[in-house]
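Breakdown of the fold
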Amino acid sequence: MAKVTLSGINKWYGGTVHAVQDISFEIADGEFFGLLGPSGSGKTSVLRMLAGLEKPTSGTIAFDGAAVERQTPQARNVAMVFEQNALYPHMTARQNISYPLRIRGLPRAEIDAKVGEVADMLNIRHLIDRRASQMSGGQQQRVAIARALVRRPNLLCLDEPIAHLDTLLRARLRGELKRLQRSLGTTSVIVTHDPIEAMTMTDRIAVMRDGVMQQIGTADEIYNRPVNAFVAQFFGLHSMNVFEIDGIADAGVLAGHCGGEAVSLPDMARAHVSLERKLVIGARPSGVAVHKAGEIARDGERLVVAGRVYVAEQLGDALLVTVQAGDTTIQAMTAPDRSFAIDEPVEVSIREDSLYVFDGPARSTARHATSARSAVADRLAASQA
Ligand code: ADP
Ligand code: MG
């Protein structure tokens, strides 16, 4: 177990790809840490540098304060599990799991005891003498995790370990992995492109985009106080609606245009309005209501936008309605027993307390997010002042 510190890490491939850009963070001893981002954002590169499979172009990595850049994965005592497990197909589960101990020359009895213990932890005792080639994908991944854990690593690195499994199995393994990590207390890092995986399993999450760190925090912090529109849209089960308000005028009542339609803005947006930048508004689908046309009063307490139903999707316990408003789409979550027809005229409304306000154009969120603040963060800051 170890505390892991990365300082000013850069990774260039071939002098042309700047895959990881000046990243610094610390993982606490025993923490379960998530590296989250879309494909190509640099997650695997960070993990491979942590594990010692790749050298940083610049920057330092320390385990419990001691520099490890020059150490091999073996010397760091790091274990890795990849999306495609690298089990020996002709070997049994027992032979695969015991392999790292056998090459270290541990006594037979000690190996048997350790393998038995870890097999119990991963519920694979009944598979112990089956060949890897005769197991399902989920069973193989359990064996791969057992093999990683059997030598009690300082750091466990997981690269999309359950991404290719079917939905039900993934949900089950999420819970199992979280319980296992908690009971062992092994410092662990999981790479994933799936926000739900990161949210459900880890203690803290680092969100990356194009090699640049966007935000580090607990799932709750990132969900409720995303630092920019990219994080807000990427994080969560349903993407946050993000749209630009332009042509803003302030004649007592703040007004502008959204998707070509004239809208009134709540007073809280006033603090964010300036001539040189567009206002970017965000709201989660759960914070957006949808109404039959003409049903809602325009009362200044909410932002109301008119449009037509693009599609309504039945999710069982909710109905997700996508509304086309000019050149903008807005998603609203509503009760599952309501019904909306394609192209039906509707209005969506967003209450002031569900609104987020971001700096900059929605589609080109500043890569360095330091100046961006969300409305919730502003409100929190205001309430603490
Ligand atoms: P992620 O795991 O988030 O998908 P990666 O760390 O694998 O991202 O890749 C980040 C960027 O670096 C991508 O643009 C990828 O194409 C590039 N990259 C990764 N590995 C190499 C490599 N060995 N050589 C050249 N470019 C690479
Ligand atoms: Mg990857």
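**Looking at the overall build of the protein chain**
Along its length, the protein chain carries 10 helices and 20 strands. Overall, the C-alpha framework of the protein chain stretches about 80 × 45 × 40 Å when taken along its three principal axes. Of all 385 residues assigned to the protein chain, the portion counted as buried reaches 50%. Intrachain contacts of the protein chain at a sequence separation of at least 6 include 66% that bridge at least 24 residues. When the accessible surface of the protein chain is split by element, carbon and sulfur atoms take 51% of a total near 17600 Å². Here the protein chain contributes 42 positive and 43 negative side-chain charges, whose respective centroids are spaced 9 Å apart.

**Focus: the site of ligand 1**
Taken together, Tyr-13, Val-17, Ala-19, Pro-38, Ser-39, Gly-40, Ser-41, Gly-42, Lys-43, Thr-44 and Ser-45 form the complete shell of residues around ligand 1. In the environment of ligand 1, an oxygen atom lies 3.0 Å from a nitrogen or oxygen atom belonging to the backbone of Gly-42. Among the secondary structure elements, those contributing two or more residues to the shell around ligand 1 are β2 (17–27) and α1 (43–51). A per-class count over the shell around ligand 1 returns four nonpolar, six polar and one charged.

**A look at the pattern of salt bridges**
A complete count under the given rule lists 13 salt bridges for this structure. The partner of Glu-54 in a salt bridge is Lys-11, and the shortest N-O contact between them spans 3.6 Å. Of the two residues, Glu-54 sits in the loop between α1 and β4 (58–63) while Lys-11 sits in strand β1 (residues 4–13), which places them 43 residues apart along the sequence. Classification of Glu-54 by relative accessible area gives partly exposed; the value is 22%. Between Glu-31 and Arg-204 there is a salt bridge; the shortest N-O distance is 2.6 Å. Here Glu-31, found in the loop between β2 and β3 (32–36), pairs with Arg-204, found in strand β9 (residues 204–209); they are 173 residues apart in sequence, far enough to count as distant. Note on Glu-31: relative accessible area 8%, which makes it buried. Assessed through its relative accessible area of 25%, Arg-204 is described here as partly exposed. When salt bridges that share partners are traced, they join Lys-11, Arg-48 and Glu-54 into one network.

Definitions and cut-offs
- Residues numbered from 1 in each chain as written.
- Chains lettered and ligands numbered in written order.
- Predicted model: local features only at pLDDT ≥ 70, side-chain atom pairs only at ≥ 80, totals over all residues.
- Heavy atoms only, no water.
- Helix = DSSP H or I, 4+ residues; strand = E, 2+ residues; numbered from the N terminus.
- Buried < 20%, exposed > 50% of the residue type's maximum accessible area, 1.4 Å probe, protein only.
- Contact = heavy atoms within 4.5 Å.
- Areas by Shrake-Rupley, 256 points an atom, 1.4 Å probe, with all protein chains shown as cover.
- Lys, Arg positive; Asp, Glu negative; His and termini not counted.
- Charge placed at Lys NZ, Arg CZ, Asp CG, Glu CD.
- Near = heavy atom within 4 Å.
- Polar contact = N/O pair within 3.5 Å; in protein donor to acceptor, adjacent residues only side chain to side chain.
- Nonpolar A, V, L, I, M, F, W, Y, C, P; charged D, E, K, R; others polar.
- Salt bridge = Lys/Arg side-chain N within 4 Å of Asp/Glu carboxyl O.

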